[in-house]
Amino acid sequence: MSVAPAREISSLIQPLQEGQALIDAIDAVVSAVDEALYLWWLGQSGFLLAWQGHRLLFDPYLSDSLTRKYADTDKPHVRVTEIAVPPQALTGIEVVTSTHNHTDHLDAETLLPLREANPAMQLIIPEANRSFVADRLGCAADWPVGFDDGDSKDLGVFHIRAVAAAHEELDCDEEGRHPYLGYIVQCGSWTVYHSGDTLRYEGMVERLRGYDIDVAILPINGRNPARRIAGNLSGTEVAELARDAGIPVVVPCHYEMFEFNTASPEEFARRCRDLEIEPRVLRCGEGATFESTQTEGPQC
């Protein structure tokens with residue numbers, strides 16, 4: 001399988017909306033009491049989901065911690081896209097997810113100011129990672145809400161179910177718990193799946209088919225041994241997974257963050273159209289509005 005090379009960047013990509021302009025755009029619509037679902041891409045795997053004024057953050061990475069960490073190594077994490085919004089500017093957040101322990105999915109420099117601005121927010125994590133999370137964040141070990149594969153819990157208006165992710169294998173700890181998860185979030189009539197970092201694995205399609213997912217958020221950066229990191233689905237693989245799992249709309253992620261680990265969404269979008277899947281490609285800082293569930297066909 002080929003992986004699209006990182007494109008040459010002469011300057012940082014500017015988010016479509018950033019800073020206060022992005023906050024204003026979010027605030028302008030999240031107070032709506034209709035059944036519409038709103039999503040904003042905040043970069044990498046980070047998304048803000050809003051429904052009837054309630055807000056959930058998937059895997060936010062809103063700092064330069066990885067760029068600094070690897071600056072003097074042979075694997076520099078050169079940022080491609082500007083930070084869309086400082087984490088402390090995001091308010092009204094009820095739930096935040098971490099799908100696994102990699103810093104772009106569990107970033108103390110994002111989560112700590114985010115918690116300070118949202119003292120009541122709940123952080124959901126793989127139960128297998130509890131001690132690691134507590135150590136990284138310096139938080140009480142019993143604060144995060146732990147999940148394992150198949151667990152489901154209600155957190156406010158959000159019903160959340162965990163689904164194992166393969167990054168690149170279906171790993172388990174000594175107690176049989178999965179350190180890599182995806183989350184299926186139900187709110188009202190909507191079902192949204194954020195896979196975290198994953199490859200396709202045996203039985204995955206059959207499990208996803210059972211949840212009537214309306215919108216999936218899936219990584220498209222693929223895998224390449226030269227990167228020396230665990231890989232993900234490619235754009236083509238994402239489209240084919242969506243077709244097989246009966247998912248009508250896919251929002252791609254995990255690209256245009258670091259020069260060494262990115263891909264073009266063009267292959268993804270092309271293969272989606274071939275398979276009659278709707279590709280919803282967003283720019284960082286861009287929002288999407290979904291006004292009907294898959295029974296009527298998603299609209300924007």
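Numbers given for residues are sequential positions, taken from 1 along each chain in its written order. The predicted origin of the model limits local features to residues at a pLDDT of at least 70 and limits the giving and counting of side-chain atom pairs to 80 or more, whereas totals for whole chains, interfaces and linings rest on all residues. Heavy atoms throughout the structure, all of them, feed into the side-chain values; hydrogens and water do not.

Colleague: Explain the state of the cysteines to me, and be specific about the residues and the numbers.
Modeller: Any pair of cysteine sulfurs within 2.5 Å is marked as a disulfide. The full count for this structure, using the stated rule, is 0 disulfides. In this structure Cys 253 is not part of a disulfide, and its nearest cysteine sulfur, from Cys 284, lies 12 Å away. On the basis of relative accessible area, Cys 253 is assigned to the buried category, the value being 1%. Three exposure classes are used, based on accessible area relative to the maximum for each residue type with a 1.4 Å probe and protein chains only: buried under 20%, partly exposed in between, and exposed over 50%.

Colleague: Got a sec to walk through the sheet that holds strand β14 (residues 287-290)? Specific residues and values, please.
Modeller: The strand order β6-β5-β4-β3-β2-β1-β14 describes an open sheet built from 7 strands, whose pairing is mixed. Both edges of this open sheet fall to β6 (145-147) and β14, since each of them pairs with a single strand only. Adjacent strand axes in the sheet meet at a mean angle of 20 degrees when their direction is disregarded. Most of the contacts of helix α4 (residues 130-137) go to strand β5 (residues 122-126), to which it runs at about 135 degrees, and overall it touches β5 and β6. Note on pairing: DSSP must find at least two bridges between two strands before they are called paired. Counting from the N terminus, the helices are DSSP H or I runs at least four residues long and the strands are E runs at least two residues long. Axis definition: a line fit to C-alpha positions, over the contact stretch in the case of helices; interaxial angles, taken between N-to-C directions, run 0 to 180 degrees. Contact definition: two residues touch when any of their heavy atoms are within 4.5 Å.

Colleague: Give a description of the confidence of the model for the protein chain that names residues and reports values.
Modeller: A score between 0 and 100, pLDDT records how confident the predictor is in each residue. Averaged over every residue, the pLDDT of the protein chain is 92; residues scoring 70 or more account for 93%. Contacts of residues 1-10 to residues separated by more than four positions or lying in other chains number 20 contacts, the stretch itself having pLDDT below 50. Under a pLDDT of 50 for its full length, residues 295-300 has, in the predicted model, 14 contacts with residues more than four places off or in other chains.

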